[in-house]
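Listed below are the residues making up each chain.
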Amino acid sequence: MSAPKIPNLLSLPGGPRSRGGRGRGRGRSAGDPDHGNASGSARNRKDLDIQSTDTDAAVSRLSAVSLGYLHDPYASLFVAGVGTRRMPIINRGTYTRTTALDILINAFLSHPEPDQSQAKQIISLGAGTDTRYFRLRSQSKHHNLIYHEFDFPTVSETKRRTVLGKLLLSKLNEDEALFPDPRHPPPNQVSDWGFTQSKNGRSETIYCCHPLDLRQLPYTQPPHVFHGLKTDIPTLIISECCLCYLEVDNSRDIVKWFADRITSLGIILYEPIGVDDSFGQMMVANLAARGITMPSLRSYKTLSDQKSRLGEHGFIYESGGQEAETVEKIWEQWIPAAEKERVDSLEGLDEVEEWQMLARHYAVVWGWRGNSGWEGWRGLRTTTAPPPS
């Protein structure tokens, strides 16, 4: 595969326009001490380049949905216009990545005793235009779940306006409400927002977006400053091409902040790997052409490196577990034969070798610790899992 034909690294997670950039928690606000000086301006430009990757993700998702790879009635709400049809290998990559995360998240949300369901929590880092919470609601998988999203303030506000402006997103049940009340917005627009539910006469948070530059999280001490965040229930962190854009020390400190406060904790990372071969070098070049670097690529080059990374935060076999797999292997081993045939029939795939190269340079890594809440993850790597609903 010649260099000019190698797909841009950012095209796999996700082009033209979207209704909001995925901030990846990297933005700076006007109140930041660096704002306005040369260093701050350069950082702002870099952050904007990274935010543009959410446009890629939103457009790629809509492409996969439009062609029948995935079912997501909300994908078009976050893309302006009709979108762009991606290459077949990109559509398959979007499908496989999404399916892998769906399988892991559905397994986390499952309960060994359905009549004794346990409250759980998901924290999505750099969520941007991600529609996962709304898809979980549509599948009735949001019960006994608190869902959090962290992202740059302007991205969070854009998403809030999109949700308010789309009935498909903002339609709630009788016992649910949006906060803050859109009829009485707070003076400070940089505030948490989301949905609450009335239970036994009490208002409980079920969905909350936190406008925050994730680099500031380690300097935030008490968890209660974040609306609805709990530390005493099984919690899953999702980083879907988010932490990989941060300096390694920053990303380590962010995971540590949660790990130091939440006992029963799991994490899913979706990131590129394999930077040392020619294909990996071309991916890095594609990133550099857009002014973007991924520090994690240098520090975590292999699946083994990624698993060691999780071990540093206590995701070890004595108290839980850790696993990692390439997108290539997930396609081969996790997707049932009948589902592979269905996907193949959508548009065909002539670039088999190119797909294999691309897919083996992306990894899904997951780890957990704690005795309760992770029953669905044990042995998952070697189990042929069903496709997402």
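Throughout, a residue's number is its position along its own chain's written sequence, starting from 1. Selection of residues for local features in this predicted model requires a pLDDT of at least 70, selection of side-chain atom pairs for listing and counting requires 80 or more, and totals for whole chains, interfaces and linings are taken over all residues. Heavy atoms throughout the structure, all of them, feed into the side-chain values; hydrogens and water do not.

(A) Layout of the pattern of salt bridges. A pairing counts as a salt bridge when a side-chain nitrogen of Lys or Arg comes within 4 Å of a carboxyl oxygen of Asp or Glu. Using the criterion set out here, one finds 24 salt bridges in the structure. Where K159 meets E149, a salt bridge forms, and the shortest distance between an N and an O atom there is 2.9 Å. With K159 in helix 4 (residues 153-165) and E149 in strand 2 (residues 145-151), the pair connects residues that are ten residues apart, well separated along the chain. Like K159, the residue E149 is buried in the burial classification. The salt bridge partner of R342 is E339, with a shortest N-O separation of 2.9 Å. Here R342 pairs with E339, and both are found in helix 11 (residues 337-347), just three residues apart, close to one helical turn. Buried means the residue's accessible area, taken with a 1.4 Å probe over protein chains only, is under 20% of the maximum for its type, while exposed means over 50%, and partly exposed covers the values in between. Since its relative accessible area comes to 31%, R342 is described here as partly exposed. In DSSP terms, a helix is any run of H or I states spanning at least four residues, a strand is any run of E spanning at least two, and both are numbered starting from the N terminus.

(B) Looking closely at the side chain of E176. Counting through the fold element by element, E176 comes out in strand 3 (residues 176-179). Whenever two N or O atoms come within 3.5 Å, that pair is a polar contact, provided that in protein one can donate a hydrogen and the other can accept it, and provided that, for residues adjacent in sequence, both atoms are side-chain atoms. Side chain to side chain, E176 and R137 meet in a polar contact 2.8 Å long. Contacts are assigned to residue pairs that have any heavy atoms within 4.5 Å of one another. If we skip the residues at most four places from it in the chain, E176 touches R137, H142, T196, Q197 and I206.

(C) View of the environment of G194. Locating G194 in the fold gives a position in strand 4 (residues 193-199). Under the relative-accessibility criterion, G194 is labelled buried at 0%. Separated by 16 residues in sequence, G194 and L178 have C-alpha atoms that sit 5.7 Å apart. Contact partners of G194, with chain neighbours within four places excluded, come to A177, L178, F179, Y207 and C208.

(D) Layout of the nonpolar core. Residues belong to a common nonpolar core when they are buried Ala, Val, Leu, Ile, Met, Phe, Trp, Tyr or Cys residues joined through side-chain atoms within 4.5 Å. Residues I122, L236, I268, V364 and W377 are the most contacted members of the largest nonpolar core, which totals 69 residues. Counting residues per element, this core draws most heavily on helix 2 (residues 88-109), at eleven residues. Setting aside its immediate chain neighbours within four residues, V364 contacts A100, L101, L104, I268, L269, Y270, E323, A324, E325 and I330. Judged by nonpolar contacts, the second largest core, of 27 residues, contains L243, F258, I273 and A363.

(E) Local environment of unusual backbone geometry. Backbone torsion omega between F179 and P180 reads -10°, so that peptide bond is classified as cis. Along the chain, P180 turns up in the loop between strand 3 and strand 4. Phi angles above zero are rare outside glycine, and N144 is one such case at about 60°. Along the chain, the position of N144 falls in the loop between helix 3 (132-138) and strand 2.

(F) Layout of the packing of helix 2 against helix 12 (residues 352-359). Axis lines are fitted through C-alpha atoms, for helices just across the contact stretch, and the angle between N-to-C directions can take any value from 0 to 180 degrees. Packing of helix 2 against helix 12 leaves a shortest axis separation of 10 Å and a crossing angle of 40°. Looking at the two axes, helix 2 sits oblique to helix 12. Read as a crossing pair, helix 2 and helix 12 show a hand that is right-handed. Residues I89, I90, R92, G93 and T96 of helix 2 form the contact with helix 12, whose own contacting residues are E354, W355 and L358. Each residue gets one label: Ala, Val, Leu, Ile, Met, Phe, Trp, Tyr, Cys and Pro are nonpolar, Asp, Glu, Lys and Arg are charged, and the others, such as Gly, are polar. Split by residue class, the contact of helix 2 with helix 12 holds four nonpolar, two polar and two charged. Each angle receives one of four descriptions, namely roughly parallel if under 35 degrees, roughly antiparallel if over 145, roughly perpendicular if within 65 to 115, and oblique otherwise. The sense of a crossing depends on the near helix, which, turned anticlockwise from the far helix by less than a right angle, makes the crossing left-handed and, turned clockwise, makes it right-handed.

(G) Here's a closer look at the confidence of the model for the protein chain. The predictor attaches a confidence to each residue, called pLDDT, with possible values from 0 through 100. Predicted confidence across the protein chain gives a mean pLDDT of 86, with 86% of residues reaching 70 or more. The model gives residues 382-388 a pLDDT under 50, and that stretch makes eleven contacts with residues more than four places away or in other chains.

(H) Region of the structure containing helix 4. To estimate how far a helix should reach, multiply one less than its number of residues by 1.5 Å. The terminal C-alpha atoms of helix 4 lie 18 Å apart, and with 13 residues this matches the ideal 18 Å at 1.5 Å per residue to within 8%. All of the buried residues along helix 4 are P153, V155, S156, E157, K159, R160, T162 and V163.

(I) Quick look at the side chain of N91. Position of N91 among the secondary structure elements: in helix 2. With relative accessibility at 0%, the residue N91 sits in the buried group. Residues in contact with N91, not counting those within four places in the same chain, are S60, S63, A64, L67, Y69, R86 and E347.

(J) Just helix 2, in detail. With 22 residues, helix 2 ought to run about 32 Å at 1.5 Å a step, and its terminal C-alpha atoms sit 31 Å apart, in line with that. Burial analysis of helix 2 places 20 of its 22 residues in the buried class, the great majority of the element.

(K) Broad picture of the packing of helix 10 (residues 327-334) against helix 12. Orientation of helix 10 relative to helix 12, taken along the N-to-C sense of each, is 115°, at an axis distance of 6 Å. With respect to helix 12, the element helix 10 is oriented roughly perpendicular. Contacts between helix 10 and helix 12 involve V327, E328 and W331 on the former and, on the latter, W355, Q356 and A359. A class-by-class count of the residues in the contact of helix 10 with helix 12 yields four nonpolar, one polar and one charged.

(L) A look at the environment of I237. Relative to the helices and strands, I237 is located in strand 6 (residues 235-240). The exposure class assigned to I237 is buried, which follows from its relative accessible area of 1%. As a C-alpha pair, I237 and L265 span 28 residues in sequence and 7.7 Å in three-dimensional space. Among residues more than four places away in sequence, those in contact with I237 are I123, L125, F258, L265, G266, I267 and I268.

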